[in-house]
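Notes for the structure review
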Amino acid sequence: MKRALFPGSFDPITLGHYDIIKRGIKLFDEVVVAVGINADKNYMFSLEKRMHFIEEAFKNEPKVKVTTYEGLTVDYCEEINAEFILRGLRNPADFEFEKAIAHTNRKLSKIETVFLLTAARTSYISSSIVRDVIRNNGDYTVLVPKSVVANF
């Protein structure tokens, strides 16, 4: 079974994340969306809420599993027998940042990172932009899956 881990904070999940997951399930037998826990971060949404947004978005997709983890991503990959890390790239800055992480992960383990370019229609969306729109009472509904809108 080809299992990929798609790690992130998903605070909240965006249409960009949604697109990467939808495309990832065409490549892998299972995509594990892993909501990372970082004690140094202040999240807008609770861990439970973030997981619920994702679970609801993919409730009819058996190839998507939603979990949470702490620590090194490569350690969690080993724990769940994931051979791949799935990551989305929006721009050259993302590539440089993600490339360094991918090289480090490959040095620490045998894990391969698979990069998918975001769709042009979602390439400008980030969770931080969504949070800023929400804080300023903007129309965030055009940036996130329906599961976020329905459960916010």
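Residues numbered from 1 in each chain as written. Predicted model: local features only at pLDDT ≥ 70, side-chain atom pairs only at ≥ 80, totals over all residues. Heavy atoms only, no water.

**Observations regarding the layout of surface pockets**
One water molecule sets the probe size; rolling that probe over the atoms shows where empty space is left. What the largest pocket holds in volume is close to 1100 Å³. Lining the largest pocket are 42 residues; nearest its centre among them are Pro7, Gly8, Ser9, Arg87 and Glu98. Mapped onto the lining of the largest pocket, the elements with two or more residues apiece are β1 (3-8), α1 (15-27), α3 (73-80), β4 (84-89), α4 (92-108) and α5 (127-135). With 8 residues, the single largest contributor to the lining of the largest pocket is α4. (1 Å grid on protein atoms, 1.4 Å probe; cavity = no way out; pocket = protein on both sides within 12 Å on 5 of 7 lines; lining within 4 Å. Points joined across faces, edges and corners; volume = space filled by probe spheres on them. Helix = DSSP H or I, 4+ residues; strand = E, 2+ residues; numbered from the N terminus.)

**What about the UniProt feature "binding site: substrate" (unreviewed entry) in the chain?**
The UniProt record annotates "binding site: substrate" (unreviewed entry) at Ser9, Lys41, Thr73 and Arg87. As for the annotated residues named above, the ones lining the largest pocket are Ser9, Lys41, Thr73 and Arg87. Summarising the element assignment, Ser9 is placed in the loop between β1 and α1. In this structure Ser9 touches Val35, Lys41, Tyr43 and Arg50, once residues within four positions along its chain are discounted. By secondary structure assignment, the location of Arg87 is in strand β4. In this view, Arg87 contacts Phe6, Pro7, Glu98, Thr113, Val114, Phe115 and Leu116; residues no more than four positions away in its chain are not counted. (UniProt positions renumbered as here; feature names shortened; annotations may be inferred. Contact = heavy atoms within 4.5 Å.)

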